[in-house]
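Here is how the chains run, residue by residue.
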Number of protein chains: 2
Amino acid sequence: MPAPLSSTTRSTLTRKKNRAALDRADLHGVLDEALICHVGLVLNGSPVVLPTGYGRDGDTLYFHGSTGSGNLRAAAAHVDVCVTVTILDGIVYARSLNNHSMNYRSAVVHGRARAVTEAEEKLHGLRTITDHLTPGSWEHAREVNSKELAAVAVLTLDLTEASVKIRSGDPSDEPEDLAEGTAWAGVLPLRTSFGEPTPAPYVPGETPIPDHVVARTHP
Amino acid sequence: MPAPLSSTTRSTLTRKKNRAALDRADLHGVLDEALICHVGLVLNGSPVVLPTGYGRDGDTLYFHGSTGSGNLRAAAAHVDVCVTVTILDGIVYARSLNNHSMNYRSAVVHGRARAVTEAEEKLHGLRTITDHLTPGSWEHAREVNSKELAAVAVLTLDLTEASVKIRSGDPSDEPEDLAEGTAWAGVLPLRTSFGEPTPAPYVPGETPIPDHVVARTHP
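An account of the accompanying structure is given in this report.

Procedures and definitions
- Residues numbered from 1 in each chain as written.
- Chains lettered and ligands numbered in written order.
- Predicted model: local features only at pLDDT ≥ 70, side-chain atom pairs only at ≥ 80, totals over all residues.
- Heavy atoms only, no water.
- Least-squares fit on C-alpha atoms with pLDDT ≥ 70 in both.
- Contact = heavy atoms within 4.5 Å.
- Helix = DSSP H or I, 4+ residues; strand = E, 2+ residues; numbered from the N terminus.
- Buried < 20%, exposed > 50% of the residue type's maximum accessible area, 1.4 Å probe, protein only.
- Polar contact = N/O pair within 3.5 Å; in protein donor to acceptor, adjacent residues only side chain to side chain.
- Buried area = accessible area lost by both parts, 1.4 Å probe.
- Salt bridge = Lys/Arg side-chain N within 4 Å of Asp/Glu carboxyl O.

## A word on the relation of the copies chain B and chain A
Move 1: Superposition of chain B onto chain A requires a rotation of 180° combined with a translation of 0.0 Å along the rotation axis, giving an RMSD of 0.0 Å. Expressed as a symmetry operation, the mapping of one chain copy onto the other fits a two-fold axis. Across chain B, the smallest distance between a C-alpha and the rotation axis is recorded for T192 of chain B, namely 2.2 Å.
Move 2: When the interface residues of chain B are mapped onto chain A, 100% of them again fall at the interface, so both copies present the same face.

## Comments concerning the side chain of N103 of chain B
Residue and element names in this part refer to chain B.
Move 1: With respect to the helices and strands, the residue N103 is situated in strand β6 (residues 101-112).
Move 2: Here N103 falls in the buried class, since its relative accessible area comes to 6%.
Move 3: Within the local environment of N103, its side chain forms a polar contact with the side chain of R167, the two groups lying 2.7 Å apart.
Move 4: Excluding its chain neighbours within four sequence positions, the residues that come into contact with N103 are I87, L88, D89, G90, V92, R167, S168, G169 and V187.

## Notes on the interface of chain B and chain A
Move 1: Contact residues are listed per partner, giving 88 residues for chain B and 88 residues for chain A.
Move 2: Around 7000 Å² of area is buried between chain B and chain A when both sides are counted, 66% of it from carbon and sulfur atoms.
Move 3: The largest per-residue losses of area from chain B upon contact with chain A belong to L97, W184 and Y202 of chain B, which jointly make up 12% of the total buried on that side.
Move 4: For the pair chain B and chain A, the interface holds 2 salt bridges.
Move 5: Of the charged contacts in the structure, one is a salt bridge between D177 of chain B and R142 of chain A, with a shortest N-O distance of 2.6 Å.
Move 6: The tally of links from chain B across to chain A stands at 29 residue pairs in polar contact (both at pLDDT 80 or more).
Move 7: Among the elements that take part in the side of chain B that touches chain A, strand β10 (residues 186-194) of chain B stands out by supplying 9 residues, more than any other.

## Brief notes about unusual backbone geometry
Move 1: Of note, N44 of chain A is a non-glycine position whose phi angle comes to about 50°, a positive value.
Move 2: By the secondary structure assignment, N44 of chain A is in the loop between β2 (36-43) and β3 (46-57).

Function cannot be inferred from these measures alone, as they are strictly geometric.
Here it is in structure tokens:
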């Protein structure tokens, strides 16, 4: 049996332990497939949860925002954060209402975020985020200038303390519902796909849509 | 101009105020379209963010989980929670890397969750959640029995203190990139759809897939 991803109390599941994935490859898989994360932190004593983009390099997560953001300033002040990434794969219909569920893969990372201040590391973080959200753009678009680099806050979080939870497959029903139930049960899969790219009005009509964008529309 | 959704400090946007939606209808729209929320709370001093299902009835949000869940027990103990719902509508490619963005609609609700204990209100909460995640199942599937009702924790949160942030439409580029840039810019829309329902192995082959499930596959 592989070593658990992390064995701290807050990253050990207390419920539905059978849904715990223990492999670091599962963690990487969830983080690499999803597009956004939800960052939680404590601000003036209250929890705050904000959606944001991110990217992964090995066991390091990068996320970013404006240096004017109060929430990001809080995260950069070396406080505890919780970064959660969720992929919804399907709706699970059971014969009983109580066993209705969802198929999903979720990753929860605990740790202290650190603000990246050194220019080269900051650029590396931005490239990691860009390669995750818009692969190909780093080579195609106009690079980040020094003024823009100064105005963006890049944060990094170590993936050491993390847990992954996965539910997949068929519904699970009670023995009496299996024997006597008549309701339909099954899974309605959920899919996320890219539609047709729409050029900005200032892009000349003859400009071809670049391959790195087109490639995402037919996976 | 309509009254702001909420005027508390923590629900007033500090950044990108032009993306703030001030109408309660926008809040309801985001909550009704998304499927899951991310609930943030403070547990043993650390933030925790967990994905969960929910439903809305007027300006009341219901969410649920097992009574065995430590996180839900914490939320039920009348502590501050932050519930965030995010819909990702597209990837925004700009001529400059710095103006790459995402089109999205997000709602952030602050408040104190309350555990519903009275059976009738608990059933109403479960019905609200069911009608949101699996419309039609409340009438179709086997009802919740008293043992199951006792084992589920239903929480309710008032939608009074909330903010909505929306980004839509074309990329926004710098004047110098509009004048001299050559990179492609535009929006790659993101779509979520339901695939073909898969019956559970214990459902007899001749059982038709009910209309309330089929209806979701062709919106």
